[in-house]
Amino acid sequence: MFKKETYIARREQLRKDVGHGIIILPGNHEASCNYPDNTYWFRQDSTFLYFFGLQREDLVGVLDCETGKDYIFANDYDIDDIIWTGPLPSVKELAASVGVENSGSLADLETFIHSNTHTFTHSHIHYLPPYRADITRQLSELLGIKYAAIPRYASMELIMACVKQRSIKSDEEVAEIEKAIATAYNMHVCAMKQAMPGRYEYELAAIMQGEAWKGNGPLSFPIIMTIHGETLHNHNHDHELVEGRMLVMDAGCETRMNYCSDITRSVPVGGKFNDRQRAIYQIVLDANMEAIRVTRPGITYQEVHTAASRILAQGYKDLGILRGNLDDIVANGAHSLFMPHGLGHMMGLDVHDMENYGQINVGYDDETRPSTQFGLASLRCGRRLQPGFVITDEPGCYFIPALIDKWHAEGKNKDFIDFAELEKWKDFGGIRIEDDILVTDSGCRVLGKPIPKTVAEIEAVMTA
Ligand code: GLY
Ligand code: MN
Ligand code: MN
């Protein structure tokens, strides 16, 4: 945990920004896997972590904007629990550890809410849109709102106040993220060294998972480790590694405090790039570096996405698979045949930070609206950048046979795409390169110890 003053200041700011009524922030419950007591590993809710820092299940935080008081509600463990868990702090002790002076049981929470509902209308009770059914039910029962209506009454004022604070990472948060990237360095470099013909994707995924736990935290999302990188989120790990394939490794971890990393490296199985691999890899790397070159406060991430897209499009023109005027290619989105996703997303306590608040509320605003163009429409964060934003820079190039065939059949962007030339590339697979970057006062900084990224660096580490 950070020191308690950090959480006190965050809650103070939240009460000020929301301004009225009461804010309910439920922490997560345990979630059963295949029978009640066999649970998935516990992951605390990120908003709860941000404002209260506590890792225990079944906690509910309440902020009263009218009185300025904060509360933690939960039931204390009794001896029947403690014989299984060992001694645990009381709810009162937990609350005090993060500067919360008021605590009570879940029955006290009901009394508190019901004693307030006669003075507060529903529009004065603020909660976030829940993403778990058990929390939806808990809010429904607590507030007397029908289960199906719970999302509708989520508070936009609370969402926007949370986005405002969590978008700007403090120095102590950046330090945590860099810890997660230090572990990701080990995950990626250890796996790279093993990416040899005859090994299996699952063996390398296991190496990565082990390195993540050596850093004392879980993965930040299921590992992508695949010689079929053209499937963007390929979670299958059954393939044997074979010479001539690129291996896409997209993986990150969480620290003990649940700050994330999200790194992608793509390497040639066997450790040496062939000519085709080098050509595509260099185009994607140039796009990744262009995004780093132009990222600074004041530019929108849509503009950064477009700057990276121009590099990709020029590369494909030089390769002979695109043709025509560069501005027209990019304006028409012809290049997005090879990158149907956005350049990046915010990252912090969630790997896709705050996505549970609604992507449009996090990545866009009144000024910057989402594009409807294929590819750019999938950009999760398009808005104007501010110092303190942590964002991923993850261009890719994918030859997706089904998508190429569809565009070909429809004649989509046929003036810009040489479909005959493209036939030669349909068996290539994919490449993605992803870094986590911090927007600074004057530009940006790639976070963490540099993970081998150039052709020369990757070949050096894989053939050492
Ligand atoms: N790891 C999924 C992503 O890069 O967004
Ligand atoms: Mn990723
Ligand atoms: Mn990412």
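Before any of the text, the structure's been laid out above.
Fair warning: this is a prediction, and the values are worked out from it, not measured in the lab.

1. So, the coordination of the manganese ion (ligand 3)
So, point 1. In this structure, Asp262 (OD), His345 (NE2), Glu394 (OE) and Glu434 (OE) serve as the protein donors to the manganese ion (ligand 3), at separations of 2.1 to 2.2 Å.
So, point 2. Bound by 6 donor atoms, the manganese ion (ligand 3) shows angles of 49 to 158° at the metal and therefore irregular coordination geometry.
So, point 3. Here the donor residues of the manganese ion (ligand 3) share one chain and are spaced in sequence as D-x82-H-x48-E-x39-E.
So, point 4. Under the relative-accessibility criterion, Asp262 is labelled buried at 3%.
So, point 5. According to the relative accessible area criterion, Glu434 is buried, its value standing at 0%.

2. Quick notes on the pairing of strand β4 (residues 60-64)
So, point 1. When you tally the buried positions in β4, you get 5 out of 5 residues, the bulk of the element.
So, point 2. Burial of β4 is two-sided: the residues Val60, Val62 and Asp64 facing one way and the residues Gly61 and Leu63 facing the other way are all buried.
So, point 3. Here strand β1 (residues 22-26) pairs with β4 via 5 bridges, running antiparallel. Bridged to Pro26 within β4 is Val60.
So, point 4. Where β4 lies against strand β5 (residues 70-73), 4 bridges are found, and the strand directions are antiparallel. Directly across from Val62, in β5, lies its bridge partner Tyr71.
So, point 5. The hairpin formed by β4 and β5 contains 5 residues between the paired strands, and Gly68 there has a positive phi angle of roughly 80°.

3. Quick word on the pattern of salt bridges
So, point 1. Applying the stated rule across the entire model yields 27 salt bridges.
So, point 2. Residues Glu254 and Arg43 are paired through a salt bridge, measuring 3.0 Å at the closest nitrogen-oxygen approach. Highlighted residues: Glu254 in the loop between β9 (246-251) and β10 (263-268) and Arg43 in the loop between β3 (38-39) and α2 (46-52), separated in sequence by 211 residues. Here Glu254 and Arg43 have matching classes, each one buried.
So, point 3. Taking the shortest distance from any N to any O, the salt bridge between Arg278 and Asp275 comes out at 3.1 Å. Linking Arg278 with Asp275, this pair stays in helix α10 (residues 275-294), spanning 3 residues, or about one helical turn.
So, point 4. Residue classification places Arg278 among the partly exposed positions, given a relative accessible area of 34%.

4. Focus on the site of ligand 1
So, point 1. Taken together, Phe221, His233, Asp250, Asp262, His345, His352, Glu394 and Glu434 make up all the residues around ligand 1.
So, point 2. One nitrogen or oxygen atom from the side chain of His352 is found 2.7 Å from an oxygen atom belonging to ligand 1.
So, point 3. Contact distances for ligand 1 include 2.9 Å between an oxygen atom and a side-chain N or O atom of Glu394.
So, point 4. Protein chains bury 93% of the 200 Å² of accessible surface belonging to ligand 1 in isolation.
So, point 5. Of the residues assigned to the shell around ligand 1, the class counts are 1 nonpolar, 3 polar and 4 charged.

5. Topic: empty space enclosed by the protein
So, point 1. Under the counting rule described, the total for this entry stands at 2 cavities of 30 Å³ or more.
So, point 2. By volume, the largest cavity is sized at about 140 Å³.
So, point 3. Lining the largest cavity are 14 residues, and of these Pro26, Asp45, Leu128, Tyr131 and Ile135 sit closest to its centre.
So, point 4. Listed by contribution, the elements that provide at least two residues to the lining of the largest cavity are β1 and α6 (133-143).
So, point 5. Here the lining of the largest cavity is built from residues that sort into 9 nonpolar, 3 polar and 2 charged.
So, point 6. The volume enclosed by the second largest cavity comes to roughly 30 Å³.
So, point 7. Around the second largest cavity, the lining residues are His345, Met346, His352, Asp353, Glu355, Gln359, Val362, Arg380 and Cys381.

6. Notes on the coordination of the manganese ion (ligand 2)
So, point 1. The coordination sphere of the manganese ion (ligand 2) contains the protein donors Asp250 (OD), Asp250 (OD), Asp262 (OD) and Glu434 (OE), at a distance range of 2.1 to 2.6 Å.
So, point 2. Each of the 6 donor atoms bound to the manganese ion (ligand 2) contributes to angles spanning 54 to 167°, and the resulting shape is irregular.
So, point 3. Expressed as a motif, the donor residue spacing for the manganese ion (ligand 2) is D-x11-D-x171-E.
So, point 4. The metal-metal distance between the manganese ion (ligand 2) and the manganese ion (ligand 3) comes to 3.2 Å, with Asp262 coordinating both. Placement of the pair is Asp250 in strand β9 and Glu434 in the loop between β13 (430-432) and β14 (435-439), with a sequence separation of 184 residues.

7. Thoughts on the environment of Phe48
So, point 1. Within the element layout of this structure, Phe48 appears in helix α2.
So, point 2. Sequence separation between Phe48 and Leu25 is 23 residues, and the spatial gap between their C-alpha atoms is 6.2 Å.
So, point 3. Here Phe48 is in contact with Leu25, Pro26, Gly27, Gly53, Leu54, Leu59, Val60, Gly61 and Ile72, once residues within four sequence places are set aside.

Thresholds applied
For every chain, the first residue of its written sequence is number 1, and the numbers climb from 1 along that sequence. Both sets of labels track the order of writing: A upward for chains, 1 upward for ligands. In keeping with the predicted nature of the model, local features appear solely for residues at pLDDT of at least 70, side-chain atom pairs appear and are counted solely at 80 or more, and the whole-chain, interface and lining totals rest on all residues. Side-chain metrics rest on all non-hydrogen atoms present in the structure, leaving aside hydrogens and water. Counted as coordinating are nitrogen, oxygen and sulfur atoms within 2.8 Å of the metal, or 3.2 Å for Na, K and Ca, while water is not included, which may make sites look incomplete. In short, tetrahedral needs four donors with all angles between 85 and 135 degrees, square planar needs four and octahedral six donors with opposite donors over 155 degrees apart and all other angles between 65 and 115, and whatever is left is irregular. Each residue gets one of three labels from its accessible area relative to the maximum for its type: buried under 20%, exposed over 50%, partly exposed in between, using a 1.4 Å probe on protein chains only. A run of H or I in DSSP counts as a helix once it spans at least four residues, and a run of E counts as a strand once it spans at least two, with each numbered from the N terminus. Strand pairing requires that DSSP identify at least two bridges connecting the strands. Counted as salt bridges are all cases of a side-chain nitrogen of Lys or Arg within 4 Å of a carboxyl oxygen of Asp or Glu. To be near a molecule or strand, a residue needs just one of its heavy atoms within 4 Å of it. A 3.5 Å cut-off defines polar contacts: any pair of N or O atoms within that distance qualifies, except that in protein one atom must be a possible hydrogen donor and the other a possible acceptor, and neighbouring residues in sequence count only when both atoms are side-chain atoms. Under the convention used here, a 1.4 Å probe and the Shrake-Rupley method define accessible areas, while residue burial counts only the protein chains that appear. For this classification, the nonpolar set comprises Ala, Val, Leu, Ile, Met, Phe, Trp, Tyr, Cys and Pro, the charged set comprises Asp, Glu, Lys and Arg, and every other residue, Gly included, is treated as polar. Space inside and on the surface of the protein is sampled on a 1 Å grid over the protein atoms alone, with a cavity defined as a set of points where a 1.4 Å probe fits but cannot get out and a pocket as an open set with protein on both sides within 12 Å along at least 5 of 7 lines; lining residues have an atom within 4 Å of a point. Grid points are joined across faces, edges and corners, and a volume is the space filled by probe spheres set on the points. Pairs of residues are marked as contacts when any of their non-hydrogen atoms sit within 4.5 Å.

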